[in-house]
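Geometric and topological summary
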Amino acid sequence: MKLDKKTNIKIGEILRKTRKSLGYTQEDVAEMLDLASRYVYDIERDKTKGSIDTLVKLCNIYNITPTYVLQHYLNVDKEYQIDPDLIGFYDLNRRDQEIVLALIRYMNINNT
């Protein structure tokens, strides 16, 4: 994807989905950022982009990378983009991670 000058980068939805997948409220995140909850609301609705500092802090809170947030705007092969459903994988206990990995291996074997 090549961006032109008119491209409007919108990251609010991915930040909202990630926050919700981790069980945080906007108020929780605002408190962690030491910002008003309205500001978190505005970022998630793409009413403001926030600063790079805020993006880095959000990435640290959500345990994600800026690349994850911006991947749809980068020239990265679709194959290498991160699926948002996998965000919580490393928060699972080791046993549950093994179950998920075994299921993936099973699906891969039966998909060939």
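Preceding this section is the structure that the text describes.
Parameters and conventions
Residues numbered from 1 in each chain as written. Predicted model: local features only at pLDDT ≥ 70, side-chain atom pairs only at ≥ 80, totals over all residues. Heavy atoms only, no water. Helix = DSSP H or I, 4+ residues; strand = E, 2+ residues; numbered from the N terminus. Buried < 20%, exposed > 50% of the residue type's maximum accessible area, 1.4 Å probe, protein only. Contact = heavy atoms within 4.5 Å. Core = buried A, V, L, I, M, F, W, Y, C linked by side-chain atoms within 4.5 Å. Salt bridge = Lys/Arg side-chain N within 4 Å of Asp/Glu carboxyl O. Polar contact = N/O pair within 3.5 Å; in protein donor to acceptor, adjacent residues only side chain to side chain. Axes fitted to C-alpha atoms, helices over the stretch in contact; angles between N-to-C directions. Left-handed = near helix turned anticlockwise from the far one by under 90°. Nonpolar A, V, L, I, M, F, W, Y, C, P; charged D, E, K, R; others polar.

This paragraph deals with the overall build of the protein chain. Check the secondary structure of the protein chain and you find six helices and zero strands. Taken from N to C terminus, the helices and strands of the protein chain fall in the order α-α-α-α-α-α. Looking at the 112 residues of the protein chain, the share that counts as buried comes to 26%. In the protein chain, the share of contacts with a sequence separation of at least 24, taken over all contacts with a separation of at least 6, comes to 51%.

By size, the foremost hydrophobic cluster in this structure holds 16 residues, and its most contacted members are L15, Y62 and V69. Elements with a contribution of two residues or more to this core: α1 (12-21), α2 (26-33), α3 (37-44), α4 (52-62) and α5 (66-70). In terms of residue count, α4 provides more of this core than any other element does, five residues in total. Setting aside chain neighbours within four positions, we find Y62 in contact with L15, T18, R19, L22, Y24, V29 and E44.

For D34, which is not a glycine, the phi torsion comes out positive at approximately 60 degrees. Among the secondary structure elements, D34 is positioned in the loop between α2 and α3. Classification of D34 by relative accessible area gives exposed; the value is 69%.

Further remarks concern the pattern of salt bridges. Per the counting criterion, the structure on display carries six salt bridges. A salt bridge links R45 to E44, with the shortest nitrogen-to-oxygen separation between them at 3.9 Å. Here R45 falls in the partly exposed class, since its relative accessible area comes to 38%. Of the charged contacts in the structure, one is a salt bridge between E98 and R94, with a shortest N-O distance of 2.7 Å. A residue pair is termed a helical-turn pair when its members lie 3 or 4 positions apart in one helix, as E98 and R94 do in helix α6 (residues 94-111) at four residues. Judged by its relative accessible area of 52%, R94 is exposed. Connected via shared salt-bridge partners are R19, E44 and R45.

A word on the side chain of Q26. The residue Q26 is located in helix α2 in this model. Q26 gets classed as buried once you look at its relative accessible area, which sits at 14%. Only 2.8 Å separates the side chain of Q26 from the side chain of E44, close enough to count as a polar contact. Contacts of Q26, omitting those with residues within four sequence positions, involve R19, S37, V40, Y41, E44 and R45.

What follows deals with the packing of α2 against α4. The interhelical angle for the contact between α2 and α4, taken along N-to-C directions, is 115 degrees, at an axis separation of 11 Å. By crossing handedness, the relation of α2 to α4 is classed as right-handed. Two secondary-structure elements touch here, α2 through V29, M32 and L33 and α4 through T54, K57, L58, I61 and Y62. Looking at the contact of α2 with α4, its residues break down into six nonpolar, one polar and one charged.

Treat this as a map of the structure, not an account of what it does.
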